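Each chain is listed here by its residues.
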Amino acid sequence: MSRADQPLHGDGPVTSRRERARLRREEIILIASELFAERGYRGTSLADVAARAGITEPGLLHHFGTKAGLLLAVIERRDLDSEAFAMELLGMEPADRLRALPEFARRNRDRAGLAKLFTVLAAESLEPDAPGHDHFVARYRALRAIVADTIRSAQEAGLTRAGLEPEVKAAEIIATLDGLQTQWLLDPEAVDIVAAVESYARTLERDLTGS
């Protein structure tokens, strides 16, 4: 029996075919990520992605269904790194989480393309009917909850002054970090993202402790 005639199951052709399809899908997501970061979601067509990937548009749609489906796949892939870092933070003591902020800045500096991708896609998702809107709303709600819970835990442990409103402070912290990242992406020669976040972390520590 030739290989072509073998049953398509187990570790045979089906498995390798699925693995090739998975790798091809990951390659397309990477290409789309680069294009979205360069041109934005609205400025990138399916034809652009297909051409750079060396695939037909129907072939592209076979993997993702729609352009919005491709966008969500890109966002989900981008979020894997952020989720991994968030889990690291959650495993730390409340007092240590603040000191870990510069490490997050270093990661973004070393992966500027991903940082730019996030910033561009978030800006394009402001309108309620934007494909990524619900995702970013949910993401920021989750981030604010994590930061607010961290502040609340520190208050309960007597490490942070009691007069702070955790939810309000959480929104401020996230907004400041996003703002510093945007300035760095716009003018990396003038803004040192790591130094800026280190400075902010020191200021924030004094603010949180009241010392």
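Residues numbered from 1 in each chain as written. Predicted model: local features only at pLDDT ≥ 70, side-chain atom pairs only at ≥ 80, totals over all residues. Heavy atoms only, no water.

Caption draft 1: Geometry of the nonpolar core. Ranked by size, the top nonpolar core spans 46 residues in total, and within it Phe36, Val49, Leu70, Val74 and Leu121 carry the most contacts. For this core, the element with the highest residue contribution is helix H1 (residues 13-39), accounting for 7 residues. Both domains that furnish three or more residues to this core are identified here as domain 1 (10-74) and domain 2 (92-211). When residues no more than four places from it in sequence are discounted, the contact partners of Leu121 are Phe36, Tyr41, Leu71, Val74, Ile75 and Phe136. (Core = buried A, V, L, I, M, F, W, Y, C linked by side-chain atoms within 4.5 Å. Buried < 20%, exposed > 50% of the residue type's maximum accessible area, 1.4 Å probe, protein only. Helix = DSSP H or I, 4+ residues; strand = E, 2+ residues; numbered from the N terminus. Domains from an automatic or database assignment. Contact = heavy atoms within 4.5 Å.)

Caption draft 2: View of the layout of surface pockets. Roughly 240 Å³ of volume is contained in the second largest pocket. As for the second largest pocket, its lining consists of 13 residues, of which Ala122, Ala123, Leu126, Phe136 and Tyr140 are closest to the centre. Counting only elements with at least two residues in the lining of the second largest pocket, the list comes to helix H7 (112-123), helix H8 (133-156) and helix H9 (166-186). Among the residues making up the lining of the second largest pocket, the classes are represented as 7 nonpolar, 5 polar and 1 charged. (1 Å grid on protein atoms, 1.4 Å probe; cavity = no way out; pocket = protein on both sides within 12 Å on 5 of 7 lines; lining within 4 Å. Points joined across faces, edges and corners; volume = space filled by probe spheres on them. Nonpolar A, V, L, I, M, F, W, Y, C, P; charged D, E, K, R; others polar.)

Caption draft 3: Geometry of the UniProt feature "DNA-binding region" (unreviewed entry) in the chain. The UniProt feature table records "DNA-binding region" (unreviewed entry) at residues 45-64. Within the segment residues 45-64, helix and strand shares are 80% and 0% respectively, and the terminal C-alpha atoms sit 14 Å apart. (UniProt positions renumbered as here; feature names shortened; annotations may be inferred.)

Caption draft 4: Quick peek at the pattern of salt bridges. This structure, assessed with the given rule, holds 16 salt bridges. A salt bridge links Glu26 to Arg77; the shortest N-O distance between them is 3.3 Å. In this pair, Glu26 is assigned in helix H1 and Arg77 in helix H4 (residues 67-90), connecting sequence segments 51 residues apart. For Glu26, a relative accessible area of 30% translates into the label partly exposed. Accessibility expressed as a relative area gives 37% for Arg77, which makes it partly exposed. (Salt bridge = Lys/Arg side-chain N within 4 Å of Asp/Glu carboxyl O.)

Caption draft 5: Molecular detail of helix H10 (residues 193-209). The first and last C-alpha atoms of H10 sit 24 Å apart over 17 residues, in line with the 24 Å expected at 1.5 Å per residue. If you check which residues of H10 are buried, you get Ile193, Val194, Val197, Tyr200, Ala201, Leu204 and Leu208. The buried residues of H10 occupy an angular sector of 120° when projected down its axis, which confines them to one face. Two or three places before Val194, at the opening of H10, Asp192 has a side-chain oxygen 3.1 Å from that residue's backbone nitrogen. Immediately downstream of H10, the backbone of Gly210 shows phi near 75°, a positive value. (Expected span 1.5 Å × (residues − 1). Arc of directions from axis to C-beta. Polar contact = N/O pair within 3.5 Å; in protein donor to acceptor, adjacent residues only side chain to side chain.)

Caption draft 6: Structural context of the packing of H8 against H9. Interhelical geometry of H8 versus H9 gives an angle of 120° and a closest axis separation of 8 Å. One element, H8, and the other, H9, form an angle in the oblique class. Considering only the axes of H8 and H9, their crossing is right-handed. Across from Tyr140, Leu143, Arg144, Val147, Ala148, Ile151, Arg152 and Gln155 in H8, the residues of H9 making contact are Pro166, Glu167, Lys169, Ala170, Ala171, Ile173, Ile174 and Asp178. In the contact of H8 with H9, the residues fall into 10 nonpolar, 1 polar and 5 charged. (Axes fitted to C-alpha atoms, helices over the stretch in contact; angles between N-to-C directions. Parallel < 35°, antiparallel > 145°, perpendicular 65-115°, else oblique. Left-handed = near helix turned anticlockwise from the far one by under 90°.)

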